Each structure stands twice: as C-alpha cells, then as structure tokens.
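# Residue-level structural notes
Residue strings, one per chain:
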Amino acid sequence: MTSPAKSLNIAVEGMSCASCVGRVEKTLTSVAGVGAATVNLASGMATIRYDGDLDLGAVTAKLDQAGYPADLADLELDIAGMSCASCVGRVEKALKAMPGVVAASVNLPAERASVRYLSGAVQPAAIAAAATAAGYSATPRTAERSDASAEARRADETARLKRDVVVAAILAAPVFLIAMGGHLWPAGEARLADMLGSQTLLMAQFVLTALVLAGPGRRFYAKGYPALFRGAPDMNSLVALGTSAAFLYSIVATFLPGLLPEGARGVYYEAAAVIVVLILAGRLMEARARGRTGAAIRKLAGLRATTARVLRDGEPVTVAIEAIVVGDQVQVRPGERIAVDGVVDEGVSFVDESMLTGEPLPVEKRAGDAVVGGTVNGNGALVVQAEKVGANTVLSQIIRMVEEAQGAKLPIQALVDRVTMVFVPAVMVAAALTFVVWLAFGPTPALAHALVAAVAVLIIACPCAMGLATPTSIMVGTGRAAELGVLFRKGDALQALHDVDIVAFDKTGTLTEGKPRISDFFLAAGFFRSDVLRLVAAAESTSEHPIASAIVEAAASDGIDLPKPRGFEALAGLGVRAEVDGVAVLVGSERLLTQAGIALDALTADANPAQLAEAGNSSVFVAIDGVAAALIAVADPIKAGSRAIVEALQKRGLKVAMITGDARASAEVVARRLGIDHVVADVRPDGKVAAVEALRAKTSRIAFVGDGINDAPALAAADVGIAVGSGTDVAIESADVVLMSGDLSGVLKALAISRATMANIRENLFWAFGYNVLLIPVAAGGLHLFGGPLLSPMLAAGAMAVSSVFVVANALRLRFVRAAGQGGIGTTSRQQQDPRRSGRWIEV
C-alpha cells in the first residue's frame, strides 16, 4: 500500500501536553481523505498527508470542535486585469486550488482579493503567484503577518503569559501570606485576625483567589472543561479540576461551614491561587526555552535578502524579494547578500559561501559562474540572472528540509504516544481512588486529607514533559546539525544513524577527489608529448569518461588547441577510436592495443603497468597510425583527511567498507592506503545494492556514503544514506542525510549529532516517566504511610512546572554539540576560527 502523496503543514493552537498531541492527531486522521497526521508539540505544527483533494473547511472545523483551532492568517491581494464576473470566478478558483487556502473572496470594483489560509502551510507569495499564473497580476498588500506569523504568535503568547504571571503573583501574594504567614509568625497572624476578624480575612482570600482564577487562570477552565466534557481531557483539565476542587471546598468552608465536619473546615485558597501562579510561571519559562529550539530555522531564514536591485528597462529598481521572477537581472553591490540563485552575467567578485559549504575562503565568481541566494558578495559588483526564486532556491530547500526533519517522529516516540493517550484519564482515576481511600481510611479530618491528596495527584502529573521529551531534542539536534553543514532530510535518520555499526563508502568522488589527473607520461622513441597529447585529447574530447576529462584538461592547461575528431567510436570497456588530422588514434586499455595487433614492447620496457596499478594509477595506452606511442598514467587523488575519517570511525567501534565500480586493483590500493579492510569492487549500481544487502546480513544496520547521483540505489537501500553534496546539490531524494560541503568530516558530525540527540531523548524520557512514576505515589500520600507529611498541592504545582522546563532546557544543551571540523549553514568564518566563543561545548 502506497503512502499518501501530498502533505500539508498546519499551525495548531491550544496544545500544552502530550495528550493534546494525541487528540489532535486523532482528530486530523478522522477527516475524510487524511491518511496520516503527525503533530510536533514543540513547534505547534501538525503535518497531514493525503491523496486527492482535501476539504480544508472540514479540517479546520474538526480542529475547532476538538478545542485546538488551526492558526489562520488573512491576506489581502491587489488584483490587476479583472473586467467581469467571470474574471472573479477564475481568480477565486485559482486561489482556492492552492494547498493551504481555506477561503478566498474577490471584489471586482475594489480589484482586491481577501484570502484566508493556514499559517505555515503556504506563503503569501505563492498565493499571489497562483492568481498571476491564472492571468491576473496579483501583489500582496502586506506580507508581514505571513513572514513572521509563527514568531509573532510565539511572542504574543509569551507576552500574555508574562502579564498573567505578574497579575496572578500580585493577587496571590496576600492570599499566601495570610494562609501561610502563621507558620512563620504566629503572633502576627493572631494580631491580624484580632484587627480585621477571621471572617474578613477569609473573604479577602476568597475575593483575591476568585480574581486569580477568573483572570490569569481563566485559560485553564476555558480549555480544560470543554476538553473534559468532550471525553478528551488534557493537562488543562487536570489543573482546572484540581484548582476548582480546592476553591469550591474553601467556599463551602467559608460560607457554609456547617456542611463540613468540625475538623475539616480549613480553607485552601492559597493552594488554588499559588498553583495557578506556579503553572503559569512554568509555562512562561517553557515558552521562552521553546522559542530557542527554533533558533536554527530563524538563523537560516535570516540569511534571506529582503530586497534587491532589479534592472527594469535598463534602470535599477529596488523591489521586495517576492517580486523577483525568473529571468530578472539582479544587481549585487559589494558587501550585499545575493538575493536569488542564478548565473553571473557581468562582473567579477569573490563570494563568501561559508553559509553553505563551511569553507571560510571566498570563491571567485565571474561571468557564467553559478551563485546561490543567501551568500555574501565581496568587493566586486555583479549582475546575476535569476534562475531560481522563492521556494525553489537552495536556501529555501534547506529550510524546508530542516523543518520537515524537525517535525518527524522517531520510532522511540511510539511508546510515548501509547502512554500519553491514556495518561490523563489514568491520572484522574488515580486522583479519584486517592480521594476515596483517604476518605475511607485516612485520619481525622479525613475529608480535608482526601482533598489535599487528590488535588496534589491531579496537579503533579505532567504529560507536558512526556510530549516535549522527543520533539524538542529533534528540533535542537537537527538545527545544530544544519549549522554544522549536515542536513537530516528525514528526522528518523537521527535514530537509525545512532544504531549503525558499519559505514560503507563509495570511492570515486567520495573518498577520492573524483577528478583524475595525469600523473606520468611515458613516450615511445620518436614521439613528442605535446603532439601525442594534442591527438589523444582531440580523440577523447567527445567522451564523458572521467579519464577522458583528465586528458582534455591537461591539454587545456598546456594551451593546446584541439582539432575536431572524425569517425569517433567508443569501444565499451576498452577505449576509443578516432581520426584526428588524418591520423588514426587508438586510446584505451592494454587489451585494446593487443587485440589490434600492436606491439607494446617499446612502452612496457620503461613503464610497468602492474607497478603503476599498485601505486593506484590507471594505465592508458595510445597508438598512432598503428604504432604504440605512449602510456599515460592517470590517478584519482585521495581526498585530504579521508584516512583520518576512516580511523576516527574505527576508533568509535564502527566497521568501514568500500563499495565501488572501479577496478579491483585500483580499489584495493585506495583501501590499503586508508586502512579499509572490506572492499567490493567492479560493481554496477545494482551490484552496489547487492553489496549493501550482503553487508547488512552480517551486521544490524549499515550507512552508505556516496555522491548522491550514481550511488542513488545504494543510498536508498542502506539503512541510512548519506549523500556528499557539492554545496548546491541539496535535493538528493535518495539520501537521508546530506553533507553540504562535500567534506567527509560531516559523517563524524552526523554521527555526533545522532548519538548526542538520542542520548538527550533518553535522558528526557527517563526524567519525564521517572518523575511521574515516583511523584504520583508521593502526591497520593505515600510518604504518610511512613510517618511523613502529605505533599502540598503548591509543591506539586512547582514540581510540575520544573519538570517541563527541565526537559526543554536539557534539549537546548544540544546547541553546544560539536565534532571535528566546524562549519556549515549559518556559520561565519569568525565562528570557525574561534568556535568556543558562543559558549560551552559538548564533546561527542
């Protein structure tokens, strides 16, 4: 069964714990057409996958009904070119066809369209482009909300929490002092009671507590009780029940004390008020910490230019980045950030590409060279023709890949999901049982003890920590990886890479530079190097073989002009034949010349092909007009640092193998130099897949490292496919992980991030589960069995708040993970020179 082909991101409001995640996922999958749904509590985003058309109205209605509304944004478009009602219909149809658009309405007289869309699912520029593609030029009237909607929503929520914490603390402080001050200053409490009267003090506590619950604490009841009535209680429901129970009990004790036993007429206003303060304070700290988990995405987004100078009718005009279209000529002044992916039309300059490759040295760019949006121009001026804009740029692809990885669910999350789906109802049952047991068997006043214990159980339980344990670690870990130049295209590769015990490499272009060079040139008597090189390079000029390219490049570096060959013929597995300037040229293997009956004694006397092969060279024989003329030795140099990478992997307890299509002799030379024991050589792409399967049979999990093009089948077949990118080759669909710079140290970085992230997730889950396993029995009165006190609901609230903050803070430690060879997305050359300047680092 194939998985749904389309996906859509939805920003969901109102989630506060792991049980919310389960409710939202269940709600989304209940919508007709939705095949799967994944929710990330840390980012507040849901990803749904579906086939065919999807009724977004039904999606948003279901979410509203469940109490977790989708975050909707409004967009105003100026529409040009409309003349009648049919134009209006076409524009509306084009807008509504965009994935993520919920509703669209077009006003012909005003030449304006109002669009409602799901935040995070689609960008305003894409919506405008849909109308433009329909034949009606559309321009966003304002793009601020969409560009920073998630950031603004987070900032607004943090500001509201901060205000509510301050207000709640001011109102709760007198309640706390009145109720608890007697323990610190009994004489002062008696004097205050004499002055104002005990009933007056109770009334003051009642009023202040009511203000706390009805004001800052209202959010718990507005969300908690509706969820409870729908049969889907969440963390808000637990807080609402606990504080309501304490408050209502206190009201009875204040106004109708006769309904309660003599010894059970105490009030718990301070518990209800302080619980709200502590939980809001915990959520504020959590919100601030969670805001830092998306720092990598914000850093990447910050690399985008916001405006650019575009040549219109030969004159430079400053326009918003959204207004640039493919084919525009973009002026890039010294020191500016390049706005689009394109090709240099005019000018010469050096461009800082460290944000992509991690290489601190700027790269020279001149006419015909490709440039990437987000990189920084040096001292020269450039004119760039835009080839990719908007969502199609490399930087946008990188951001999208990181976002998708951050929204992934690891296999380890399955256990958490199963537990959290029943956790809140189980806590409510536990609180009810606690109340009944204390009421039946507890000491006098049994009712008061039963209430305190039950409220403590309700408050201390924290599914928030469970829900945050995995996604926050994934968000920070994948973000940190992106900063190091490692892109996890699939979030579950984080866990799979952690379990790998063998790493297999492709040879050419991965362990070696992939650019063969002429290392030796042996000539027969009577031949001259320049003449032979001219004829051989001309014959090879139409071949795509890497060795042919090396020969042609050697001729070009010598300044040799190449004539056009005639009668070119590629001889599979042997070489080539051509006629150049009336001369018959034969280039290829020793067997090719031998089959042609050409004696090689004049060449092999001075050069030993076997020794050349042992040294890692490939021998190319040349015959001119049926006479052996030269033996050219071609070598593919090993990448600097390849041996160090292999040794580092072996020191970590991993086995290293090499799988290549090259000849065995050449492959074994490279393997011997690098210290690789297992070699599979002379195999086609399907043979590489078979080799991967054979290695997997001997071990548990295998990672394959290749260039992402010819190695695509093996990358897909491995448990983890790691593609070595070239700085711009980031859309390699077969790979799970992409190394942006092509530097193999990225393999170590990926492993370091994987191991650190999985360790961090285990720590978070241990804390989240251990916290509840240990403290729920304590809250229920477990210590009282051994002569200890009952746990105060206020202490329970404090512990609950700390648990969530601990999980997020622990995940943020991943921002300091490092491995050998810093550099990558968003890393400046100064950071590379002094990587410790931004804080402490975690060595992995």
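Residues numbered from 1 in each chain as written. Predicted model: local features only at pLDDT ≥ 70, side-chain atom pairs only at ≥ 80, totals over all residues. Heavy atoms only, no water.

Per an unreviewed UniProt entry, the recorded name for the protein is P-type Cu(+) transporter, and the organism is Jiella flava. Taken from UniProt, the Sequence similarities (unreviewed entry) comment for the protein reads in full: "Belongs to the cation transport ATPase (P-type) (TC 3.A.3) family. Type IB subfamily." Under the Subcellular location (unreviewed entry) heading, UniProt states for the protein: "Cell membrane". (UniProt positions renumbered as here; feature names shortened; annotations may be inferred.)

## Brief notes about the nonpolar core
Counting 138 residues, the largest nonpolar core has Phe488, Leu497, Phe505, Leu649 and Val737 as the members making the most contacts within it. A per-element tally of this core places helix H29 (residues 745–779) first, with 13 residues. Those residues within four positions of Val737 in sequence are excluded, and the remaining contacts are Val486, Leu487, Phe488, Ala493, Val720, Gly721, Ile722, Ala723 and Ala750. Judged by nonpolar contacts, the second largest core, of 26 residues, contains Leu535, Ile560, Val576 and Ala630. (Core = buried A, V, L, I, M, F, W, Y, C linked by side-chain atoms within 4.5 Å. Buried < 20%, exposed > 50% of the residue type's maximum accessible area, 1.4 Å probe, protein only. Helix = DSSP H or I, 4+ residues; strand = E, 2+ residues; numbered from the N terminus. Contact = heavy atoms within 4.5 Å.)

## Description of the UniProt feature "transmembrane region" (unreviewed entry) in the protein
UniProt marks residues 165–185, 197–217, 238–260, 266–285, 419–441, 447–470, 765–787 and 793–812 with the feature "transmembrane region" (unreviewed entry), using the numbering shown here. Annotated as 78% helix and 0% strand, the span residues 238–260 places its first and last C-alpha atoms 25 Å apart. Along residues 793–812, the helical share is 100% and the strand share 0%, with 29 Å between the first and last C-alpha atoms.

## Here's the deal with the pairing of strand E8 (residues 307–312)
Pairing between E8 and strand E9 (residues 315–320): six bridges, direction antiparallel. From the neighbouring strand, Arg309 faces E9, where its bridge partner is Thr318. As consecutive antiparallel partners, E8 and E9 are separated by two residues, and within that stretch Asp313 has a phi angle of approximately 55°, a positive value. Both E8 and strand E10 (residues 329–332) contribute to a ladder of two bridges, which runs antiparallel. Within the sheet, the bridge partner assigned to Val310 lies in E10 and is Val330. (Pairing = 2+ DSSP bridges.)

## Details of the sheet that holds strand E13 (residues 363–365)
Taken in spatial order, the three strands make up an open sheet running E13-E12-E15, and their pairing is antiparallel. Single-partner strands in this sheet number two, and they are E13 and strand E15 (376–377). As paired strands, strand E12 (residues 349–352) and E15 are joined by two bridges and run antiparallel to one another. Note on E15: the bridge partner recorded for Asp352 is Val376.

## What about the environment of Val705?
By the element assignment, Val705 lies in strand E27 (residues 702–706). For Val705, a relative accessible area of 0% puts it in the buried group.

## Considerations on the sheet that holds strand E16 (residues 382–388)
A sheet is described by the order of its strands in space; here six strands give the open sequence E9-E8-E10-E16-E11-E14, paired in antiparallel fashion. A strand with exactly one partner marks an edge of an open sheet, and here the two such strands are E9 and strand E14 (370–371).

## A look at the pattern of salt bridges
Per the stated rule, a full pass over the model turns up 19 salt bridges. Members of the salt-bridge network, linked through shared partners, are Glu693, Arg696, Arg701 and Asp719. (Salt bridge = Lys/Arg side-chain N within 4 Å of Asp/Glu carboxyl O.)

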